[in-house]
Protein chains: 2
Amino acid sequence: MQSLRVALGERAYPIHVGAGILGDAALYAPHLGGRTAVIVSNAVVAPLYLKRVRDALAACGARAVEIMVEDGEQAKRWETIDAVIGAMLEARCDRRSVIVALGGGVVGDLAGFAAAVYQRGIPFVQVPTTLLAQVDSSVGGKTGINHALGKNMIGAFHQPLAVIADVGALGTLPQRELRAGLAEVIKHGLVLDAAFFEWLEAHIEQLLGGDPQALTHAVLRSCELKAQVVAADERESGLRAILNFGHTFGHAIEAGVGYGSWLHGEAVAAGMVMAAQLSAGAGTLDASAVARVRAILARAGLPIAGPALASERYLELMAIDKKAAAGTIRFVTLEGIGRAVLRDDFGVAAVHAAIDGCSAAPAAAR
Amino acid sequence: MQSLRVALGERAYPIHVGAGILGDAALYAPHLGGRTAVIVSNAVVAPLYLKRVRDALAACGARAVEIMVEDGEQAKRWETIDAVIGAMLEARCDRRSVIVALGGGVVGDLAGFAAAVYQRGIPFVQVPTTLLAQVDSSVGGKTGINHALGKNMIGAFHQPLAVIADVGALGTLPQRELRAGLAEVIKHGLVLDAAFFEWLEAHIEQLLGGDPQALTHAVLRSCELKAQVVAADERESGLRAILNFGHTFGHAIEAGVGYGSWLHGEAVAAGMVMAAQLSAGAGTLDASAVARVRAILARAGLPIAGPALASERYLELMAIDKKAAAGTIRFVTLEGIGRAVLRDDFGVAAVHAAIDGCSAAPAAAR
């Protein structure tokens, strides 16, 4: 097991990464000893891992309350939060109770938001069981749900007490979800660390094969990179936005095809190709770097083209994206592998060109 | 106009108190110049004050979006938040938008919570138009809504950018609501400041008569007292709980008779008499002090006895109160006028006795 600390002052917390650690009582004990632990999970994850977590919590003397939520992105709506809060009130959970989020990004976002608003905020522990959750959603404190008019439009910044990322759990993850999680790992290399990107180019097949050592390194390094950015800009007022590389396009893809039909990581993969194209069009990224972006994503089995959507539809969808500042659309672009910058000086034509260059839809006459 | 500052480090903010200040553009300009201002109000308050606020915002170059919510406690439910957020998304509000809460405690709680969760948190300004909101809910950053199983069970600590408390607005407040607001003013004297309590005993009729100078002093001193406590314990981990004097009983009254039939301040008034009785029973408060508590509340036209509820029902209702720590019920008691302490060493019999001594219901045989 390896650990790192996210440096957020009084909200600092540890991330533990290793194989087989989700049943380790010693990792829960500092946060849960003698308290009520509210395990939030779902019918896909619980049969695989709930017993081990329950036993670990019992070993540290925590009372466990178990709450099952729906599986999938559609669970990220208010009704689920209301049900979790209702079950907690019925179980007489007070402000000293701690939520334990056992599952992927949806469970973490939901359970974290329930913790953020239950009686005006209680602590929570993340036990992410998907690669996406381990390298992305469990680091940085973003929690929330979707609104009918937009994804993640309702939420809170709420940092966990600890993250317990068991790469052993990735063995039961469908291959498609493992690949989707790798999109965010690759993103971390692309925006922040050329050496890590090279390591990924050398180890992509081992990661896809589930090698525990390679996965531990990839998860730990991803978390370190993200944690550095989060520590410098907890509430996304500037720097942190570079972690949204590929996400403005990606969110438009997810919304355009209907949430749930593309996985988040798949949409981000295609979105990163578009963002790389946009960078190339602006002259800040050379063609060989764009080719490396496409190549590693293709080797990871991820889409490198968008769905059959007209580029007009992308722009329409992006205008309501929450990263839109004062009416202009901002993009994260690359000035080389490992060097991301925020820019908002693109013309509409450049954006259309980047999309059309990576889209399954024929460019409409304009 | 007088101003004070709530000392909360990077979340510090000013409270301005005076007659006729809600239309003063200079008070909004530092927070809203050039931004989108989302005015949240309701059909009772808007016809009286919206135009003045709108004109002040226009004078500082803010774009105004106006969102009307239902009047009354029943508005504090998720559907209202969802509608506010939907309207903000439709108006393309981004993370730089600022919510302006124009109204009483319900509007402040709702609009503040919408600000806390909109795109994971945006700023807000409180323009409280009721006495209760001016002296209580607008200070301290508590925001939230009710759950079917309990009042204020869902929420966030979210501090405003500024509070603009116009005592001129109290002239249009129904007398019953003015009285209910005075319950919290009296509470601040009782738990923290014997000299202020004496001042209130000397000026209660002027306050009821709407004297602007008396009201400005009462609002300002209440805010100062509350602000000191909040600054020392922002998230209610200890000290801040003394501000809940009378509230454990009061919440039980509100829930027992059905939310909305007693005003919050009315329930707190009867609850403070119960808490004073409990203190007297424990030997920490003498009979003459209890008599002063009853006398000032009676002069303010507030209830000094609970509704026709059996004391068993109170205990039942209090067990689910969010201040219940690890299964025990904690009470704020008095060790004299102006000196509150937290205690959790009461037997059930003492609690029953305190309720029965101030209740309209005959004590059941036990």
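Residues numbered from 1 in each chain as written. Chains lettered and ligands numbered in written order. Predicted model: local features only at pLDDT ≥ 70, side-chain atom pairs only at ≥ 80, totals over all residues.

Colleague: What is the right way to read the relation of the copies chain B and chain A from this model?
Modeller: Each of the two chain copies can be generated from the other by rotation about an axis followed by a shift along it. Expressed as a screw operation, the relation of chain B to chain A combines 0.0 Å of axial shift with a rotation of 180°, fitting to an RMSD of 0.0 Å. A rotation of that kind, with that shift, is consistent with a two-fold axis. Using C-alpha coordinates, one finds that chain B approaches the rotation axis most closely at Trp78 of chain B, a distance of 4.0 Å. (Least-squares fit on C-alpha atoms with pLDDT ≥ 70 in both.)

Colleague: Can you help me understand the domain arrangement of chain A in this one?
Modeller: Frequently, the measure chosen for interface size is the accessible area that the parts lose on association. Residue and element names in this part refer to chain A. Annotation of chain A at the domain level lists domain 1 (2-172) and domain 2 (175-356). Averaged C-alpha coordinates put domain 1 and domain 2 at centres separated by 26 Å. The partner domain 2 presents 31 residues to the 31 residues of domain 1 that form the contact. At the level of elements, strand E1 (2-6), strand E2 (13-18), helix H5 (131-137) and strand E8 (150-157) are the ones that each hand at least two residues to the side of domain 1 that touches domain 2. Among the residues forming the side of domain 1 that touches domain 2, the class breakdown is 17 nonpolar, 11 polar and three charged. (Domains from an automatic or database assignment. Contact = placed C-beta atoms within 7 Å. Helix = DSSP H or I, 4+ residues; strand = E, 2+ residues; numbered from the N terminus. Nonpolar A, V, L, I, M, F, W, Y, C, P; charged D, E, K, R; others polar.)

Colleague: How should I be thinking about the interface of chain B and chain A in this particular structure?
Modeller: With 30 residues of chain B at the contact, the number on the chain A side is 31 residues. Elements with a contribution of two residues or more to the side of chain B that touches chain A: helix H3 (78-90), helix H4 (105-117), strand E7 (142-147) and strand E8 (150-157) of chain B. With six residues, the top contributor of residues to the side of chain B that touches chain A is E8 of chain B. Its residues assigned to classes, the side of chain B that touches chain A comprises 15 nonpolar, seven polar and eight charged.

Colleague: Can you help me understand helix H9 (residues 247-257) of chain B in this one?
Modeller: All names here are of chain B. In terms of burial, H9 is largely enclosed, as 10 of its 11 residues are buried. Packed against the buried residues of H9 are E8, helix H10 (264-281), helix H12 (311-319) and strand E10 (331-334). Taken from the residues just after H9, Gly258 is the one with a positive phi, measuring 95°. (Buried ≥ 20, exposed ≤ 12 C-beta atoms within 10 Å, placed from the backbone.)

Colleague: Would you mind going over unusual backbone geometry with me for this structure?
Modeller: Comment: phi is negative for the bulk of residues other than glycine, and the bulk of peptide bonds are trans. The backbone phi angle of Gln119 of chain A is positive, close to 50°, even though this residue is not glycine. Note on placement: Gln119 of chain A falls in the loop between helix H4 (105-117) and strand E6 (124-128). With 23 C-beta atoms packed within 10 Å, Gln119 of chain A lands in the buried category. Despite not being glycine, Arg120 of chain B has its phi angle at roughly 65°, a positive value. Along the chain, Arg120 of chain B falls in the loop between H4 and strand E6 (124-128).

Colleague: How should I be thinking about the sheet that holds strand E3 (residues 36-42) of chain A in this particular structure?
Modeller: Whenever strands of a sheet pair, they do so through backbone hydrogen bonds, lying parallel or antiparallel. Residue and element names in this part refer to chain A. Sheet architecture is open: seven strands sit in the order E1-E2-E9-E6-E5-E3-E4, paired in mixed fashion. Lying at the two open borders of the sheet, with one neighbouring strand each, are E1 and strand E4 (63-69). Pairwise comparison of adjacent strand axes, ignoring direction, gives a mean angle of 15° for this sheet. Contacts from helix H8 (residues 212-232) reach E1, E2 and strand E9 (162-166), with the element oriented near 10° to E1. (Pairing = 2+ DSSP bridges. Axes fitted to C-alpha atoms, helices over the stretch in contact; angles between N-to-C directions.)

Colleague: Before we go on, may I ask you to explain the pairing of E4 of chain A in this structure?
Modeller: Regular strands show a simple pattern: their side chains alternate between the two faces of the sheet. Residues and elements named next belong to chain A. As paired strands, E3 and E4 are joined by seven bridges and run parallel to one another. Each residue of the ladder has a partner; that of Val38, found in E4, is Val65. With helix H2 (residues 46-59) bridging E3 and the parallel E4, this β-α-β connection has right-handed handedness. (Right-handed = clockwise from strand over helix to strand, strands pointing away.)

Colleague: I would appreciate a short explanation of the pairing of strand E5 (residues 98-103) of chain B in the present structure.
Modeller: Residues and elements named next belong to chain B. Of all six residues that make up E5, six are buried, and the element is covered over most of its length. As paired elements, E5 and E6 share five bridges and run parallel to each other. Across the sheet, Gly103 pairs through a bridge with Pro128, a residue of E6. Between the parallel pair E5 and E6, the chain is carried across by H4, and the sense of this crossover is right-handed.

Colleague: Could you clarify how one ought to interpret the nonpolar core in this entry?
Modeller: Most often, soluble globular proteins have nonpolar side chains that are buried together. Membership of the largest hydrophobic core comes to 246 residues, with the highest contact counts inside it found for Val40 of chain A together with Val40 and Ala114 of chain B. Excluding anything up to four places from it in sequence, Ala114 of chain B contacts Val40, Ile81, Val84, Ile85 and Ile99 of chain B. (Core = buried A, V, L, I, M, F, W, Y, C linked by C-beta atoms within 7 Å.)

Colleague: Can you help me understand helix H12 (residues 311-319) of chain A in this one?
Modeller: A turn of α-helix holds 3.6 residues, and therefore any two residues three or four places apart point the same way. All names here are of chain A. Among all positions of H12, only Ser311, Tyr314 and Met318 are buried. The buried side chains of H12 occupy one side of the element, clustering within an arc of 45° when seen end-on. Those residues of H12 that are buried lie in contact with helix H9 (247-257) and helix H13 (348-356). (Arc of directions from axis to C-beta.)

Colleague: In this structure, what is going on with the environment of Pro123 of chain A? I would like to understand it.
Modeller: All names here are of chain A. Mapping Pro123 onto the fold places it in the loop between H4 and E6. The sequence separation of Pro123 and Ser97 amounts to 26 residues, and the corresponding C-alpha distance is 7.4 Å. In this view, Pro123 contacts Val98, Ala115 and Leu161; residues no more than four positions away in its chain are not counted.

Colleague: Can you walk me through the sheet that holds strand E1 (residues 2-6) of chain B in this structure?
Modeller: Residue and element names in this part refer to chain B. Across the sheet, which stays open at both edges, the seven strands sit in the order E1-E2-E9-E6-E5-E3-E4 with mixed pairing between neighbours. Unpaired on one side and paired on the other, E1 and strand E4 (63-69) mark the two borders of the sheet. With strand direction ignored, the average angle separating the axes of adjacent strands in the sheet is 15°. Across four bridges, strand E3 (residues 36-42) lies against E5 in parallel orientation. Bridge assignment links Ile39 to a residue of E5, and that residue is Val100. Lying on the sheet, helix H8 (residues 212-232) is in contact with E1, strand E2 (13-18) and strand E9 (162-166); it crosses E1 at an angle near 10°.

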